[in-house]
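# Structure at a glance
Each chain, letter by letter, is given below.
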Amino acid sequence: MQVKFWGVRGSIPTPLSPGEVEAKVITMAEDVVSAGITDPNEVAGYLRRKYSMLQRATVGGNTTCVSVEWPGATIILDAGSGIRLLGESLMDGPCGNGGTELHLLFSHTHWDHIQGLPFFAPLFQRNILNIYGCHDDIEKRLRYQQSYDYFPIPLESFLAELKFNQCVPDKAVDLPGGGRFIPHKLNHPGDCYGYRIEHEGKVMVFATDSEHSPKDRNDDHDVVEFFRDADLVIFDSQYTLEESIIKEDWGHSSAIVGVDLAARANVKQLALFHHDPSYPDSFVHNLLMKANTYRHSNYNGIPLKLFIATEGETITL
Ligand SMILES: [Zn+2]
Ligand SMILES: [Zn+2]
């Protein structure tokens, strides 16, 4: 199973500002000079060894979109602005001539999870898009997003065939190529659903836009079972621990509570996801450092690995 991050920001697209780009370029240039590197062929290797992608480039500015693939199936999780780049990639490959079937699972329909759909190029070709969600009116909501006052091209103008499927929470749905997914209700305004995707013994869980308050860290038993033994959990860590206490009922969580839940559920990898638009790359990097400190002081000896979900990154399970 291959998992790729196409959009990792929460709430609203967050491109780097010109000032932020300039500051990064100057920092890198100064570092290369002070390291005494004079051979241009050594520059990229030096910077890649010393800095993570989000330090030397960016964590990414697009909102939620993740793809999951195995032979015979392409699954898409949410249609935030990141789905535009996924669409271009698919048009260079299987969707360019039409006739390809895709599977799009919606967690919910807040803007940051649907706003990229009108720009998803495979819909302008004769492909088939199977759309899944647990809300009973997803088609109406997507149609509304593309009503004339908001977008000039209505949903029915797409050449692709859209097939809407309403799912039942905690009931498995089969996918092509021998996989399946299970939706599970999460704690979020207007309801949101996570997805546990299973294929050939590998498990990934997509659990964004979900509030787990610090005071509930020993409860949330249903979520722990939903995460149980997963190879990868993509977790809503939009807030710091302090913010998650202040912003009760805002529908998001912190990396620290994610570590507690992942440790209890025997998760192997926890991807910190749905980064707050007000957090620059350096702040997101510090969140990982703090979460790692917490994980090592409280759960030493377990195999849990933490990382920051970064746009363009691929994980093979
Ligand atoms: Zn969101
Ligand atoms: Zn939301």
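Quick caveat: nothing in here was measured; it's all calculated off a predicted structure.

Okay, the coordination of the zinc ion (ligand 1) next. Taken together, the protein ligands of the zinc ion (ligand 1) are Asp112 (OD), His113 (NE2), Asp209 (OD) and His274 (NE2), with distances of 2.1 to 2.3 Å. Seen from the zinc ion (ligand 1), its four donor atoms lie at angles of 91 to 164°, and the figure they make is irregular. Asp112 sits in the buried class, given a relative accessible area of 5%.

Protein coordination at the zinc ion (ligand 2): the donors are His108 (NE2), His110 (ND1), His188 (NE2) and Asp209 (OD), at 2.2 to 2.4 Å from the metal. Taken in sequence order, the residues that donate to the zinc ion (ligand 2) follow the motif H-x1-H-x77-H-x20-D. Separating the zinc ion (ligand 2) and the zinc ion (ligand 1) is a distance of 3.6 Å, and Asp209 donates to both of them. You can see His188 sitting in the loop between strand 8 (179–186) and strand 9 (192–199) and its partner Asp209 sitting in the loop between strand 10 (202–207) and helix 7 (221–227), a full 21 residues away along the chain.

On to the pattern of salt bridges. Under the criterion given, the structure shown has twelve salt bridges. Residue Lys50 pairs with Asp31 through a salt bridge whose shortest N-O separation is 3.0 Å. Residue Lys50 is located in helix 2 (residues 40–50), and its partner Asp31 is located in helix 1 (residues 18–34); the two are separated by 19 residues in the primary sequence. You can call Lys50 partly exposed: its relative accessible area is 46%. By relative accessible area, which is 10% here, Asp31 ends up buried.

A separate point is unusual backbone geometry. Of note in the backbone geometry, Glu200 takes a positive phi value of approximately 45° without being a glycine. Of note, Glu200 is situated in the loop between strand 9 and strand 10. Here Glu200 falls in the exposed class, since its relative accessible area comes to 70%. You will see that Asp209, though not glycine, has its phi angle at about 55°, which is positive. Asp209 sits in the buried class, given a relative accessible area of 2%.

To continue, consider the sheet that holds strand 7 (residues 173–175). As a general point, the strands of a sheet are linked pairwise by backbone hydrogen bonds and lie either parallel or antiparallel. Strands sit in the order 7-8-9-10-11-12-13 across an open sheet of seven strands; the sheet is mixed. Of all strands in the sheet, those with a lone pairing partner are strand 7 and strand 13 (305–308), marking the two edges. Going across the sheet, the axis of each strand differs from the next one's by a mean of 20°, ignoring polarity. The pairing of strand 8 with strand 9 spans eight bridges and is antiparallel. Counterpart to Lys185 in the pairing with strand 9 is Tyr193. Along the sheet face, helix 9 (residues 255–264) touches strand 11 (232–236), strand 12 (269–273) and strand 13 and points at about 155° away from the line of strand 12. Where helix 10 (residues 281–298) meets the sheet, its contacts fall on strand 12 and strand 13, and the angle it forms with strand 13 comes to roughly 170°.

Thresholds, definitions, all that
- Residues numbered from 1 in each chain as written.
- Chains lettered and ligands numbered in written order.
- Predicted model: local features only at pLDDT ≥ 70, side-chain atom pairs only at ≥ 80, totals over all residues.
- Heavy atoms only, no water.
- Donors = N, O, S within 2.8 Å, 3.2 Å for Na, K, Ca; no water.
- Tetrahedral: all angles 85-135°; square planar, octahedral: opposite > 155°, others 65-115°.
- Buried < 20%, exposed > 50% of the residue type's maximum accessible area, 1.4 Å probe, protein only.
- Helix = DSSP H or I, 4+ residues; strand = E, 2+ residues; numbered from the N terminus.
- Salt bridge = Lys/Arg side-chain N within 4 Å of Asp/Glu carboxyl O.
- Pairing = 2+ DSSP bridges.
- Axes fitted to C-alpha atoms, helices over the stretch in contact; angles between N-to-C directions.
- Contact = heavy atoms within 4.5 Å.

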